[in-house]
Amino acid sequence: MPAQYPGIGPVGAVTARLADKREMRVPIQTVTGAIEPEELGRTLMHEHLFVAFHGAEFDPAAQTDKAWVAAQAVRSLNALKAHGVRSFVDPCPIELGRDVRLMAEIAERAEMQIVCTTGFYHEAAGLPGHWRRMEVERIVEHYVREIETGIDGTGIRAGAIKCATSAANISPVEAKFLAAACRAHRLTGVPIITHTENGIGALEQQAFLLAEGVAPHRCLIGHCCGCADPALHRTVAERGSYVGFDRIGYAQFQPDAVRADSVVALTRGGFADRVILSQDRVCHLAGRTTPPPGRDGEIYSHLFTDFLPMLRDRGLTDADIAVFLDANPRRFFAG
Ligand SMILES: [Zn+2]
């Protein structure tokens, strides 16, 4: 454990009892069953179907008609299939309204392979009090159960682990949840998808995960595209992790032109095999106005209608794009 986080707590009964599966090749659990990495196909690694910030359940104005959400999502996923997408990872944190039954219904109706995650969000906008005070080994136990047995009494299993930080300095509470994510990874072999605040703290987060025994290529460091500094992207890639260009279309964080320049720079620098493209779009955010759809009227299509042409204009090829959208997700899950 990183020495500057003495409060995490020792490796205990849960972590000691189970086998280390870091080197094992495990099937990918989707919400509708297990698949092999070769079946993944073109994949968006960070999108959402439904998100409700903690507390929305108490707000009459934020009540959601899930049947309506399902219908919207099925239509938008069908549009994504027309762009060749076969798989969709929804790393919704546990406490942000994650609804795996809804995900499974949408996956079946849209015939899309959807992967959900276990893991809590960051301290600024998540981490319910009940869990904040929990000892780390009980959090590990919960994550492992969601990965190996199922979620909320269903047999639906998490296919990856989500973890998050809210600032450059990882807080002691966040450190506990990061440590739990790392231990659950070691015990199950499923990879880790992170949230950073627009790349802030990405290197600290990556260093933490590596110090906790996670191989760099089993981590996707999220939202790095919120930072324009090519040195940040390059360092995350050089140290061996996947770099999340996973908020494409969010102009308030970064113009897409800057993102496209950054993807080209990484590719020319020899790091195409570390680039992940996605959009962090939400089909429905409880109590909030859903952001406007893309140019073809669909929620998740902007990457294909607007961003990929920007990459091609800058000289990248369909072969490069296939590395980002097909090969990299497959290798991330396959280990
Ligand atoms: Zn997200």
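Look up: the structure comes first, before these words.
Residues numbered from 1 in each chain as written. Predicted model: local features only at pLDDT ≥ 70, side-chain atom pairs only at ≥ 80, totals over all residues. Heavy atoms only, no water.

Trainee: In this structure, what is going on with the packing of helix H9 (residues 256–268) against helix H10 (residues 302–313)? I would like to understand it.
Mentor: Between two packed helices, the angle of one axis relative to the other and the distance separating the axes together describe the packing. Across the interface, H9 lies against H10 with an axial gap of 9 Å and an inter-helix angle of 55 degrees. Looking at the two axes, H9 sits oblique to H10. Here H9 runs over H10; the crossing is right-handed. When H9 is examined against H10, the residues Asp256, Ala257, Arg259, Ala260 and Val263 are found in contact with a partner set consisting of His302, Phe307, Met310 and Leu311. Residue classes in the contact of H9 with H10 are distributed as six nonpolar, one polar and two charged. (Axes fitted to C-alpha atoms, helices over the stretch in contact; angles between N-to-C directions. Helix = DSSP H or I, 4+ residues; strand = E, 2+ residues; numbered from the N terminus. Parallel < 35°, antiparallel > 145°, perpendicular 65-115°, else oblique. Left-handed = near helix turned anticlockwise from the far one by under 90°. Contact = heavy atoms within 4.5 Å. Nonpolar A, V, L, I, M, F, W, Y, C, P; charged D, E, K, R; others polar.)

Trainee: Explanation requested: empty space enclosed by the protein in the structure shown.
Mentor: Taking a probe equal in size to a water molecule and rolling it over the atoms shows the remaining empty space. Scanning the entire structure with this criterion turns up one cavity of 30 Å³ or more. Taken as a whole, the largest cavity encloses approximately 30 Å³ of empty space. Taken together, Val26, Pro27, Ile28, Gly159, Val190, Pro191 and Phe333 form the lining of the largest cavity. Per-class residue counts for the lining of the largest cavity are six nonpolar, one polar and no charged. (1 Å grid on protein atoms, 1.4 Å probe; cavity = no way out; pocket = protein on both sides within 12 Å on 5 of 7 lines; lining within 4 Å. Points joined across faces, edges and corners; volume = space filled by probe spheres on them.)

Trainee: I tried to follow the layout of surface pockets on my own but got confused; where do I start?
Mentor: When its volume is computed, the largest pocket comes out at roughly 390 Å³. Lining the largest pocket are 23 residues, with Phe53, Arg247, Tyr250, Asp280 and Val282 sitting closest to its centre. Among the elements of the structure, strand S4 (48–51) and strand S12 (282–285) are those that each provide at least two residues to the lining of the largest pocket. Residues of the lining of the largest pocket, tallied by class, amount to eleven nonpolar, seven polar and five charged. Of the volumes computed, that of the second largest pocket is approximately 160 Å³. Looking at the lining of the second largest pocket, its residues break down into six nonpolar, four polar and two charged.

Trainee: Help me understand the coordination of the zinc ion in this model?
Mentor: Expected angles at a metal are 109.5 degrees for tetrahedral coordination by four donors and either 90 or 180 degrees for octahedral coordination by six donors. With distances of 2.1 to 2.2 Å, the protein atoms coordinating the zinc ion are His46 (NE2), His48 (NE2) and Asp280 (OD). In the primary sequence, the donor residues of the zinc ion line up as H-x1-H-x231-D. One end of the pair, His48, is in strand S4; the other, Asp280, is in the loop between strand S11 (275–277) and S12, with 232 residues separating them in the sequence. Owing to a relative accessible area of 7%, His48 belongs among the buried residues under this scheme. Take Asp280: its relative accessible area is 7%, and that puts it in the buried class. (Donors = N, O, S within 2.8 Å, 3.2 Å for Na, K, Ca; no water. Buried < 20%, exposed > 50% of the residue type's maximum accessible area, 1.4 Å probe, protein only.)

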